[in-house]
There are 2 protein chains.
Amino acid sequence: MTSLFHYFKKYNSLSKEAEKAIAEICKVIAIKKNHELQSIGHTCKTIYFLKKGVARIYYFKEDIDITESFSFENNMVVRFESLFTGRPSKKAIQVLEDSELIAINSSELFKLYDKHHDIESLFRKIFEAALVDTVNRVESIQFHTAEERYNSLIKEAPDVLKRVPLKYIASYLGITPVSLSRIRGQK
Amino acid sequence: MTSLFHYFKKYNSLSKEAEKAIAEICKVIAIKKNHELQSIGHTCKTIYFLKKGVARIYYFKEDIDITESFSFENNMVVRFESLFTGRPSKKAIQVLEDSELIAINSSELFKLYDKHHDIESLFRKIFEAALVDTVNRVESIQFHTAEERYNSLIKEAPDVLKRVPLKYIASYLGITPVSLSRIRGQK
DNA sequence: GAAAACACTTTACATATGATAAGAAATTAC
DNA sequence: GTAATTTCTTATCATATGTAAAGTGTTTTC
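Residues numbered from 1 in each chain as written. Chains lettered and ligands numbered in written order. Predicted model: local features only at pLDDT ≥ 70, side-chain atom pairs only at ≥ 80, totals over all residues. Heavy atoms only, no water.

Novice: Sorry if this is basic, but what is going on with the state of the cysteines here?
Specialist: Between two cysteines, a covalent bond joining their sulfur atoms is known as a disulfide. Residue and element names in this part refer to chain B. Tallying each qualifying case throughout the model produces zero disulfides over all chains. Between Cys 26, a cysteine without a disulfide, and Cys 44, which holds the nearest cysteine sulfur, the sulfur-to-sulfur distance is 14 Å. For Cys 26, a relative accessible area of 12% corresponds to the buried category. For Cys 44, a relative accessible area of 3% puts it in the buried group. (Disulfide = S-S within 2.5 Å. Buried < 20%, exposed > 50% of the residue type's maximum accessible area, 1.4 Å probe, protein only.)

Printed below as a string of structure tokens:
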């Protein structure tokens, strides 16, 4: 739980009561490598925090498995488009190593917003940061070549190569494994 | 001002005092076609609402003008990555028709969050919706062909063709004007 | 309303990525 | 530890998009 509150501190400080209230709606869970945390068609009602391990959000486009994002230690894993619309997600969350997560029940969390103004501010800021990241990702996908994106990925998250199969990295970059292999082969 | 509060109502209801407080930090401005609302290097401290007209956010990649997004009537225009980081933006906002906007001073707005809980909730929800839109845009850019993206653009915003030069639409779709012309020519 | 500037299309050629298939390397299962 | 499975690379060919340049059409300017 310490790691979660340490993560929160980067965004907003919380009163003791607020921390207690959050702790009460959290569960620690362990999942084995390659298992699914949440599946396609399920409506997201949980905000996950990765204590240990790697996760990816993925979906299928015409039978092809496509990775939308990776998450590493000390970060959130959330399918925002389902969490904030209340609609079933077309995406699933899978864990790529034996992992430990903290699961925060989002309906309970949102109920805390009125009582604990600092909790609402905290998550507002977390989601604002997620918006900034996502805007930057649009820029990176739209206007950089696959090679540029590959290079910045391994710069920003060097251990992704050791921890994530290349086929997932390829679809995350928007290319086929064959194409990624070519890019890697050039050097 | 009515149009702005009508827009707000879709997300969260506001007390009379909150509406008054927001009205006090708003300015209505008019801008002529093709003029810049905010320029590259400027740090975003204003949230714009388009009453009338069309706007785009754009930047340069190696001397090439690239459109990141369009906004039409009754929507926000914000460079989130600057607003939420406090860093100068690499992007500019330009108006593509004679336009009228409501400018909300963001520093003043953020100060209102503590006094008016309903204002914080309102903007939290607005930005959560923006996050959902941006996540969906990532999906659309990454995993659909230019032709698919062109078709869904004209389906979702049919008058974009009448109101926006094709060269801007092309870069928004992530392709050159030549390529867009080819796609359009096929039919 | 003529000249200039800008926007759009078309053509020809170059290049990056995709699809498919086959083989090599690594991992997993028993 | 061997076989089976999965992952990654390489090769070939097809296709979509990029670049450059020329031509046509439309707007703007005075």
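Novice: Looking at this structure, how should I read the protein's contact with DNA strand C?
Specialist: Taken together, 15 residues sit near DNA strand C, with Ser179(A), Arg182(A), Leu166(B), Lys167(B) and Ser181(B) positioned nearest. Among the atoms of DNA strand C lying within 4 Å of the protein, the sugar-phosphate backbone contributes 65%. At 2.8 Å, a side-chain N or O of Arg182(A) approaches a base nitrogen of DNA strand C. Within the backbone of Leu166(B), a nitrogen or oxygen atom sits 3.0 Å from a phosphate oxygen of DNA strand C. Among the secondary structure elements, those contributing two or more residues to the surface near DNA strand C are helix 9 (177-185) of chain A together with helix 8 (166-173) and helix 9 (177-185) of chain B. Looking at the surface near DNA strand C, the element that brings in the most residues is helix 9 of chain B, giving four residues. Per-class residue counts for the surface near DNA strand C are six nonpolar, four polar and five charged. (Near = heavy atom within 4 Å. Polar contact = N/O pair within 3.5 Å; in protein donor to acceptor, adjacent residues only side chain to side chain. Helix = DSSP H or I, 4+ residues; strand = E, 2+ residues; numbered from the N terminus. Nonpolar A, V, L, I, M, F, W, Y, C, P; charged D, E, K, R; others polar.)

Novice: Quick question: what am I supposed to make of the environment of Ile25(B) here?
Specialist: Residues and elements named next belong to chain B. Topologically, Ile 25 is positioned in the loop between helix 2 (16-24) and strand 1 (26-31). Of the residues examined, Ile 25 reaches a relative accessible area of 15% and is grouped as buried. Setting aside residues up to four positions removed in sequence, Ile 25 forms contacts with Ala 103, Ile 104, Asn 105, Glu 108, Leu 109 and Leu 112. (Contact = heavy atoms within 4.5 Å.)

Novice: Would you mind showing me how to read the relation of the copies chain B and chain A here?
Specialist: Turning one copy of the chain about an axis and sliding it along that axis gives the other copy, so a rotation and a shift relate them. Its rotation angle being 180 degrees, the transformation that places chain B on chain A also includes 0.0 Å of axial translation and leaves an RMSD of 0.0 Å. Put plainly, the chains are arranged around a two-fold axis. Interface residue correspondence from chain B to chain A reaches 100%, placing this contact among same-surface, isologous pairings. (Least-squares fit on C-alpha atoms with pLDDT ≥ 70 in both.)

Novice: Where do I start with helix 2 (residues 16-24) of chain A in this structure?
Specialist: Because an α-helix packs 3.6 residues into every turn, residues spaced three or four apart end up facing the same way. Residues and elements named next belong to chain A. All buried positions along helix 2 are accounted for by Ala 18, Glu 19, Ala 21 and Ile 22. Mapping the buried residues of helix 2 onto a view down its axis gives an arc of 160 degrees, with all of them on the same face. Those residues of helix 2 that are exposed and angled more than 90 degrees off the buried face are Lys 16, Glu 17, Lys 20 and Glu 24. (Arc of directions from axis to C-beta.)

Novice: Any chance you could explain the interface of chain B and chain A here in plain terms?
Specialist: Buried accessible area, meaning the area lost when the parts come together, often serves as the stated size of an interface. On the side of chain A, 37 residues touch chain B, which itself brings 37 residues to the contact. At the boundary of chain B with chain A, total buried surface from both sides reaches about 3300 Å², with 63% on carbon and sulfur atoms. When the buried area of chain B at its contact with chain A is split by residue, Leu131(B), Gln142(B) and Phe143(B) rank highest and sum to 19% of it. At the surface where chain B touches chain A, the tally comes to 18 residue pairs in polar contact (both at pLDDT 80 or more). Of all elements in the fold, only strand 4 (55-61), strand 5 (64-71), helix 3 (80-83), helix 4 (106-115), helix 5 (117-143) and helix 8 of chain B reach the threshold of two or more residues within the side of chain B that touches chain A. Partitioned by chemical class, the residues of the side of chain B that touches chain A number 15 nonpolar, ten polar and twelve charged. (Buried area = accessible area lost by both parts, 1.4 Å probe.)

Novice: Would you mind going over the protein's contact with DNA strand D with me for this structure?
Specialist: The immediate surroundings of DNA strand D are formed by 15 residues, with Leu166(A), Lys167(A), Thr176(B), Ser179(B) and Arg182(B) found nearest. Protein-proximal atoms of DNA strand D, defined as those within 4 Å of the protein, fall in sugar or phosphate at a share of 68%. The contact in question runs from a phosphate oxygen of DNA strand D to an N or O atom on the backbone of Leu166(A), over 2.9 Å. In the model, a phosphate oxygen of DNA strand D is placed 3.0 Å from a nitrogen or oxygen of the Thr176(B) side chain. For the surface near DNA strand D, the secondary structure elements donating two or more residues are helix 8 (166-173) and helix 9 of chain A together with helix 9 of chain B. At four residues, helix 9 of chain A tops the list of elements feeding residues into the surface near DNA strand D. Here the surface near DNA strand D is composed, by residue class, of six nonpolar, four polar and five charged.

Novice: Honestly, the sheet that holds strand 1 of chain B in this entry has me stumped. Any pointers?
Specialist: Sheets are built from strands paired through backbone hydrogen bonds, the pairs being either parallel or antiparallel. All names here are of chain B. Pairing is antiparallel across the open sheet formed by four strands, whose spatial order is 1-8-3-6. Each of the sheet's edge strands pairs with one partner strand only, and the pair in question is strand 1 and strand 6 (75-77). Strand-to-strand, the axes of this sheet are offset by a mean angle of 35 degrees, without reference to chain direction. Sheet topology places strand 3 (residues 46-52) next to strand 8 (residues 99-105); six bridges connect them, and they run antiparallel. Within strand 8, the residue paired with Thr 46 across the bridge is Asn 105. On the sheet, helix 4 packs against strand 3 and strand 8 and is oriented at approximately 50 degrees with respect to strand 8. (Pairing = 2+ DSSP bridges. Axes fitted to C-alpha atoms, helices over the stretch in contact; angles between N-to-C directions.)

Novice: Can you walk me through the pattern of salt bridges in this structure?
Specialist: A side chain with one charge may pair with a side chain of the opposite charge, provided their charged atoms come close. Under the counting rule described, the total for this entry stands at 28 salt bridges over all chains. The shortest N-O distance in the salt bridge between Arg56(A) and Asp65(A) comes to 2.9 Å. Looking at Asp65(A), the relative accessible area reads 24%, which means it is partly exposed. Linking Lys91(A) and Glu139(B) is a salt bridge whose minimum nitrogen-to-oxygen distance equals 3.4 Å. Here Lys91(A), found in the loop between helix 3 (80-83) and strand 7 (92-95), pairs with Glu139(B), found in helix 5, and the two come from separate chains. We classify Glu139(B) as buried; its relative accessible area is 10%. The network of salt bridges with common partners includes Glu68(A), Glu81(A), Lys90(A), Lys91(A) and Glu139(B). (Salt bridge = Lys/Arg side-chain N within 4 Å of Asp/Glu carboxyl O.)

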